[in-house]
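Remarks on the overall topology
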Amino acid sequence: MRFIFKQLTLWLNNGSIRKLEFEENKVNVITGASGTGKTEIMAIIDYCFFASETKIAEEKINENVNWYGVTFEINKSTYTIARKSFTDKKVSDTYYFSPVGEIPELPFENNNTDNIKKVIENEFSIDKNVVIPYGGRHIKAGTKVSFKYFQLFTSQSENVIVNSEVYFDKQNKGRYREALERVFDIAFKIDTVENMLIDEKVTSLTRDINRLERKQTIIDSEKSLFENDMKRDIKRARELQLISNEYIPANMYLDSLKEITKTVYSFDINKDKEELVRKKSDLLLKIKNLKRLENEYKKYIEVEKSNYDSLKPVNYIKENYYGLLNFPETAMLLQILEEDFKVLKKKISLKKPFNINIKSEIENYIQKVEEVDEDLGQYPEENLINNDVYEKISFIGELRYKISIYENKKNVEDYKEQIFNKKEQLVELESKIVDVSENRVLFVNLLESLIQNYLEEVGDALGIYEGYKAVFNYTNKSLGLRKPNSLSISNVGSSSNHLFMHLCLFLSLHEASVIQKSEYIPQYLILDQPSRPYYGDEKDFDDDDGVWNNSIVETDKYKIRKAMQLLNDFIDKLNSEYKEDFQIILLEHIPGKVWEGLDNFHLVEEFRNGNALIRNSDEMV
Amino acid sequence: MQISNDTYNNELIGGISMLSILKEFKKITLTKALLIIPFYTHQQSLRVLRNNNIKIRSIEEFIIKYPSYFSNYNERFYSLLTVSINSIILLNKMGLITIEDNCIILNEENEFSYEKKDIGNRACEILKAGRKLSYILKDDEENLYLQLKVEI
């Protein structure tokens, strides 16, 4: 995807404008001494593209800047985004946006983050379907891919460019670490968005099916358990002869059991006989009571005759004195009672209570009992209700309760149909899915062969690793070297070699993206001090102070030149072989003579001798 | 002396039993009062007493109509004797009755609530039965003791 930085603009607090202009199909070099703000350029670009935190230095830079802005071309449109400077590390939400790349005298807020992002995302071909295929700790599955994730392929910051393990920027941030893994396939069209959508559906379907099948297993095992229970009940019902002898299939168990509870059973209880027995026992009770009354009378007469002196109630009360409420009145009361009872006893002792003629009544009852017995004679003497009937009744009672449980269980959803449908869907989707792993292998092959070309171009600058083969580790997104005719990856030493490996990988990635016609990866590369391995970043390679001439060994000079050559040739290659545009921005401190004779190099500015990103004249007086 | 909850309940019902009769008589001898509770605690007797459709005009009539109910009156009398005495003492203490000579007299100044919600179902039944039982108890106490065959 064509992407060209046209201009970097800083609107300064003192009213003046500081701008850096870049050319397309060029290696745009900004070279200079340390502390002049070269590296800030990367941070400024990041800031203008909605960074949520920034590495731009407050000192010298931010304190003098009012607005930061970039003007760039994507595909065929030119845009300018300007963002208000930050205060106290707090990034600004104030943006200026021009969809035609206009650079104003002074930006003003005319749009918001979301709207501008939408325009840029559109240029990056990101629509609602371009989503994170699977979730992680930092990124949720299904969220829209940010175009910033694709910028991972376009920059090599100073700390990363010579790293032996990490090849991509921002990998210290979990979000970007996860993002790289997740957008890599989309970026290089190893996986298409359509395919990913299908894949996502397949995954969720498989998950659903597994879940349902697990549930189904539980239901099945429960079902068989209940079937067994019901079978036992049927058997018992047969034993009790509550059910006909026909064979009952398993699916009819419940209905048959229900049938049993529905029918009203007239058990063979003889109501007449029961009535007679009840009558008899009533009569017997009456006789018993009457006989007792008779005895009472006899007893009373006897007691009263034999006992003149003692008063039974008084004795009784005295014996049970502990049961009385203990008040002064109690004693008085007892005294009164004693007197009264004495009188009473005297009066009564001469009399007899009337004796009702209960004898005839008793005989009457006995007579009736005999009649009942006569009637009962025609019934067998065994228990009125035999055990069998008891069992039947209790069984039906139990069954009523059990059926309510069985029915609950029966109503539990059956997932068989759902599972079947989902499996059908799955088969259909799976037939549509493109085997990504195959694509991956092919892509890795392509990438490795591209890298190999660059490694060969680097040639003897790789030292002892010259002639080694490129091995791209898809999982870690890193590059290794192996000896020809060997499978083991070498532990490549020397940061110079690491630098070349980084350059080769990134140039290859861009070439691959052009080959794959990726709509997502912008065709530019920002490199921060690829000469680091040869000199560190403390001093300047200024021609004048002789550092370049005096302290850089010849082999290192050769290697730096080689690296520059690589970049120069890459632009040629893309222009001529692929008819594509490309832009490299190089932040360096090498002197101009290093790229002498390389046609595609364009010196943007040299931050030396008082020239810097923010010059003294740019500061507020 | 400790009074258990049980005692307390029995004595209260007993007290109400006494009051059901005193409502009609205002005055009753102590010995006669002792006869009241055994009637009421006998469920079947109570049922007969509170039923307005059953006519009972004397103790003899009651015994003749329901002889079996009286086969154990003597036993009941004795087992409830302490409860009866306690009930009398309790009523006295509550100021609902006064004891004079050998009689207990209803203290009409102190009103007692006969509302069902205050005294409960059982007490209400007892109160209902009071009219008929008081009629029976109009008899001489010696005859009552004699016919009920309470052993003295």
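Now for a look at the structure at hand. (Residues numbered from 1 in each chain as written. Chains lettered and ligands numbered in written order. Predicted model: local features only at pLDDT ≥ 70, side-chain atom pairs only at ≥ 80, totals over all residues. Heavy atoms only, no water.)

Overview of the pairing of strand β5 (residues 77–84) of chain A
Residue and element names in this part refer to chain A. Using the following cut-off: Two strands are said to pair when DSSP picks up at least two bridges between them. Labels follow the DSSP assignment, with helices taken as runs of H or I lasting at least four residues and strands as runs of E lasting at least two, numbered in each case from the N terminus.
Pairing geometry for strand β4 (residues 65–74) and β5, over 8 bridges, is antiparallel. Across the sheet, Val70 pairs through a bridge with Ile81, a residue of β5. Linking β4 back to β5 in an antiparallel pair, the connection comprises 2 residues, with Asn75 at a positive phi of about 50 degrees. Bridge analysis of β5 against strand β6 (residues 95–98) gives 4 bridges, and the strand direction is antiparallel. Its bridge partner being in β6, Thr80 is matched across the sheet by Ser98.

Describing the pattern of salt bridges
Residues and elements named next belong to chain A. Using the following cut-off: Salt bridges are counted wherever a side-chain nitrogen of Lys or Arg sits within 4 Å of a carboxyl oxygen of Asp or Glu.
If you walk through the whole model with that rule in mind, you get 32 salt bridges over all chains. Between Asp208 and Lys422 there is a salt bridge, and its shortest N-O distance comes to 3.1 Å. A residue pair is termed long-range when its members are at least 10 positions apart, and Asp208 in helix α5 (residues 193–239) and Lys422 in helix α12 (residues 416–432) qualify at 214 residues. Across the salt bridge formed by Glu428 and Lys432, the nearest N and O atoms sit 4.0 Å from each other. A residue pair is termed a helical-turn pair when its members lie 3 or 4 positions apart in one helix, as Glu428 and Lys432 do in helix α12 at 4 residues. Here the residues in one salt-bridge network are Arg2, Lys6, Glu24, Glu73 and Asp581, joined through shared partners.

What to know about the environment of Gly32(A)
All names here are of chain A. Going by this rule: For each residue, the accessible area found with a 1.4 Å probe, counting protein chains only, is set against the maximum for its type, and the residue is called buried under 20%, exposed over 50%, and partly exposed in between.
One can find Gly32 in strand β3 (residues 27–32). By relative accessible area, Gly32 is classed as buried at 0%. Along the sequence, Gly32 and His589 sit 557 residues apart, while their C-alpha atoms lie 4.6 Å from each other.

Structural notes on the interface of chain B and chain A
Convention followed: Should any heavy atoms of two residues lie within 4.5 Å, those residues are counted as being in contact. A 1.4 Å probe defines the accessible area here, and the buried area is the portion of it lost by two parts on being joined, summed over both. For this classification, Asp, Glu, Lys and Arg are treated as charged, while Ala, Val, Leu, Ile, Met, Phe, Trp, Tyr, Cys and Pro are nonpolar and the rest, including Gly, are polar.
In this assembly, 39 residues from chain B lie in contact with 43 residues from chain A. Buried area between chain B and chain A, both sides added, is near 4,000 Å², and the carbon and sulfur share of it is 71%. For the pair chain B and chain A, the interface holds 3 salt bridges. Glu142(B) is the partner of Lys347(A) in a salt bridge, and the nearest nitrogen-oxygen pair spans 3.2 Å. Counting residues per element, the side of chain B that touches chain A draws most heavily on helix α6 (residues 81–94) of chain B, at 9 residues. Looking at the side of chain B that touches chain A residue by residue, the classes come out as 20 nonpolar, 11 polar and 8 charged.

Some details on the layout of surface pockets
Residues and elements named next belong to chain A. In plain terms, the rule: The distinction between a cavity and a pocket rests on a 1 Å grid over the protein atoms alone: a 1.4 Å probe fits inside a cavity but cannot get out, while a pocket stays open yet meets protein on both sides within 12 Å along at least five of seven lines, and a residue with an atom within 4 Å of a point counts as lining. Grid points are joined across faces, edges and corners, and a volume is the space filled by probe spheres set on the points.
Volume-wise, the largest pocket comes out at about 1,000 Å³. Counting only elements with at least two residues in the lining of the largest pocket, the list comes to α1 (38–48), α2 (113–123), α3 (147–150), α4 (174–187) and β11 (524–528). Within the lining of the largest pocket, the residues separate by chemical class into 16 nonpolar, 12 polar and 14 charged. When its volume is computed, the second largest pocket comes out at roughly 350 Å³. Surrounding the second largest pocket, 16 residues form its lining, Pro133, Tyr134, Asp191, Asp199 and Arg440 being those nearest its centre. Taken together, the elements giving at least two residues each to the lining of the second largest pocket come down to α4 and α5. If you tally residues by element for the lining of the second largest pocket, the top one is α5, at 6 residues. Partitioned by chemical class, the residues of the lining of the second largest pocket number 4 nonpolar, 3 polar and 9 charged.

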